[in-house]
Amino acid sequence: MALMGLGKNYEGQDCSLARSLELLGERWTLLIVRDALYGVRRYGDFLAHLDIPRAVLSQRLSALVDAGVMERRRYQESPPREEYVLTGKGKELWPPVLALAQWGERHMSAAGPRRVFRHVACDAPIGAGATCSVCGAHVPAEEVEIWPGPGADLTREDPVSVALRGPHRMLEPLP
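Residues numbered from 1 in each chain as written. Predicted model: local features only at pLDDT ≥ 70, side-chain atom pairs only at ≥ 80, totals over all residues. Heavy atoms only, no water.

**Comments concerning the overall build of the chain**
Part 1 of the argument: Scanning the chain from terminus to terminus reveals seven helices and seven strands.
Part 2 of the argument: Secondary structure elements of the chain occur, N-terminal to C-terminal, as α-α-α-α-β-β-α-α-β-β-β-β-α-β.
Part 3 of the argument: Here the C-alpha atoms of the chain give a radius of gyration of 17 Å, agreeing with the 16 Å that 2.2 N^0.38 yields for 175 residues.
Part 4 of the argument: When its C-alpha atoms are laid out on the principal axes, the chain stretches across 55 × 50 × 30 Å. (Helix = DSSP H or I, 4+ residues; strand = E, 2+ residues; numbered from the N terminus. Rg over C-alpha atoms; globule rule 2.2 N^0.38 Å.)

Here it is as structure tokens:
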């Protein structure tokens, strides 16, 4: 029996998860979405925080824009500069990104959570399914505040890491 090489896509799959993985399963893509949820908008901030190669970042951002997950917005005319903002479609990725992060905190982080997510209205932790542990409401990203957790790396000096050393409202642009 001959071995077949691993395909480059899921074209033959009749599966919504496979379609999602076509876009989101590439290395770096979910980290870009995570950072956008945290409020990262500018190319240079993604670059510095993720330590990602420029060509890869450009390709992943273009793919997310083409798919309608993010949009480019001009924030400066001279010289022209654009930022990347999650669309409604992109904001819908908050619960699965949270679920993956929480799974990783439980199974891959001996130091504890790197980030703690709290429902702004109740000042309570966000649990599975992006639900508030006190009121039980589904909590959209706009109503979440991020705090550094006990496993947070407080030694990094890039602007995103420095901004996330204190509480920060999700989706609000980082300084």
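**Here's the deal with unusual backbone geometry**
Part 1 of the argument: A cis amide bond, omega -10°, links Ser 78 with the succeeding residue Pro 79.
Part 2 of the argument: Position of Pro 79 among the secondary structure elements: in the loop between strand 1 (70-76) and strand 2 (81-86).
Part 3 of the argument: For Leu 171, which is not a glycine, the phi torsion comes out positive at approximately 70°.
Part 4 of the argument: In this fold, Leu 171 is placed in the segment after strand 7 (168-169).

**Concerning the environment of Arg 54**
Part 1 of the argument: Mapping Arg 54 onto the fold places it in helix 4 (residues 54-66).
Part 2 of the argument: Sequence spacing of Arg 54 and Gly 44 is 10 residues, and the spatial spacing of their C-alpha atoms is 9.4 Å.
Part 3 of the argument: Setting aside residues up to four positions removed in sequence, Arg 54 forms contacts with Tyr 43 and Leu 47. (Contact = heavy atoms within 4.5 Å.)

**Focus: the sheet that holds strand 5 (residues 131-132)**
Part 1 of the argument: Taken together, the five strands give an open sheet; going across it, the order is 5-4-3-6-7, and neighbouring strands pair in antiparallel fashion. Single-partner strands in this sheet number two, and they are strand 5 and strand 7.
Part 2 of the argument: Relative to strand 5, strand 4 (residues 124-127) runs antiparallel, the two being bridged by two bridges. Among the inter-strand pairings, Ile 126 is bridged to a residue of strand 5, identified as Cys 132.
Part 3 of the argument: Strand contacts of helix 6 (residues 94-108): strand 3 (115-119), strand 4 and strand 6 (144-148), with the helix running at about 95° to strand 4, the strand carrying the most contacts. (Pairing = 2+ DSSP bridges. Axes fitted to C-alpha atoms, helices over the stretch in contact; angles between N-to-C directions.)

Note that every value here comes from positions in space, so none of it alone points to a role or purpose.
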